[in-house]
Amino acid sequence: MATMNPDDLEAQPSSLRHPGVDHVLPSASLKSLAHPLRVRIYDELSAYGPLTASGLAERLGESSGATSYHLRQLERAGLIREDTARGKGRERWWERVPGSIAIPDARSLPAGSAERLAVKLVEDEWFRSREQNFREFVAEGEAVFGPEWLDIATSDTINLRLTPEQLSALVADLDVVFMKFIDAYKRTPSPGSRPVQIHLNAFPLVRGEPTDESIPKEHR
């Protein structure tokens, strides 16, 4: 199976969503990632930083043999690499390769193809992980964090009526804010900082109907 050299991630084509920022995984790397435990391992390394196979096993409730095997597969795919600055003796620490990744747009792939099924599996695992992280915070956050964190953590739901152009403008403005903080703190976190995960979902509601142009604005 062809693999991606870790140095080649930023050489991959950019996503349409974030040109020049996100890089679309090539087919071989996508297929290597498309395993529930590998997605979970990749997410743990993304969110918490370098970990050992045994550390991952403890966090994920798996055997160290299983995490070691899947770490090697992720390394072959160019998605993670050994952190040689850590570890003693035979202990090996692993980190994700720096850079923002994207998966191909499923609509561009043939129905039933291995690539499309891989995209679906990775998407499903990412959604599951996001929901689990938020539920953990809601259920356990009060026992872990002080008011300096609890008072500023947020989960908002906002309902608007927008055109595709208006939604595109909103997302573009949000991206400007996100990139400001990514550029400032992604590679150089401040002392006392903790891993923080930000979820943004902006999408049209499937069961909604277009605004009727015949209804006066004051009655909408």
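Our structure is the block above this text.
**Student:** Any chance you could break down the layout of surface pockets for me, citing the residues and the numbers?
**Tutor:** Size it by volume and the second largest pocket reaches roughly 220 Å³. Along its surface, the second largest pocket is lined by 13 residues, and Glu-44, Leu-60, Gln-132, Asn-133 and Glu-136 are the ones closest to its centre. Of all the secondary-structure elements, those providing two or more residues to the lining of the second largest pocket are helix H2 (36–48), helix H3 (53–60) and helix H5 (114–144).

**Student:** Kindly report on the packing of H3 against helix H4 (residues 64–76), identifying the contributing residues and their values.
**Tutor:** Look at H3 against H4: their axes get within 8 Å of each other, and the N-to-C directions meet at 120°. Seen along the crossing, H3 lies across H4 with a hand that is right-handed. Residue-level contacts link Ala-53, Ser-54, Leu-56 and Ala-57 of H3 to Ser-64, Thr-67, Ser-68 and Leu-71 of H4.

**Student:** Please set out H4 residue by residue, giving values where relevant.
**Tutor:** Helix length check: H4, at 13 residues, gives a terminal C-alpha distance of 18 Å against a target of 18 Å (1.5 Å per residue), a fit within 8%. Buried within H4 we find Thr-67, His-70, Leu-71, Gln-73 and Leu-74. For H4, the arc enclosing every buried residue in end-on projection is 160°, short of the 170-degree limit, so these residues lie on one face. Where the residues of H4 are buried, they touch helix H1 (27–33), H2, H3, strand S3 (80–82) and strand S4 (93–96). Of the residues trailing H4, Gly-78 is marked for its positive phi of about 75°.

What counts, and where the lines are drawn
Each residue is numbered by its place in its chain's sequence as written, counting from 1. Given that the model is predicted, a residue must reach a pLDDT of at least 70 before its local features are reported, and side-chain atom pairs must reach 80 or more before they are shown or counted; all residues, however, enter totals for whole chains, interfaces and linings. To get the side-chain values, take all heavy atoms of the structure and skip hydrogens and water. The distinction between a cavity and a pocket rests on a 1 Å grid over the protein atoms alone: a 1.4 Å probe fits inside a cavity but cannot get out, while a pocket stays open yet meets protein on both sides within 12 Å along at least five of seven lines, and a residue with an atom within 4 Å of a point counts as lining. Grid points are joined across faces, edges and corners, and a volume is the space filled by probe spheres set on the points. Each helix is a run of H or I in the DSSP string that is no shorter than four residues. Each strand is a run of E no shorter than two, and both are numbered from the N terminus. The axes are straight lines fitted to the C-alpha atoms, using for helices just the contacting stretch, and the angles between their N-to-C directions are given from 0 to 180°. The sense of a crossing depends on the near helix, which, turned anticlockwise from the far helix by less than a right angle, makes the crossing left-handed and, turned clockwise, makes it right-handed. Note on contacts: a residue pair is in contact if any heavy atoms of the two residues lie within 4.5 Å. In this scheme, a helix's expected span is set at 1.5 Å multiplied by one less than its residue total. Exposure categories follow from relative accessible area, calculated using a 1.4 Å probe and restricted to protein chains: below 20% of the type maximum is buried, above 50% is exposed, and the middle band is partly exposed. Directions drawn from the helix axis to the C-beta atoms are what define this arc.

Function-wise, these values are silent; they only describe arrangement.
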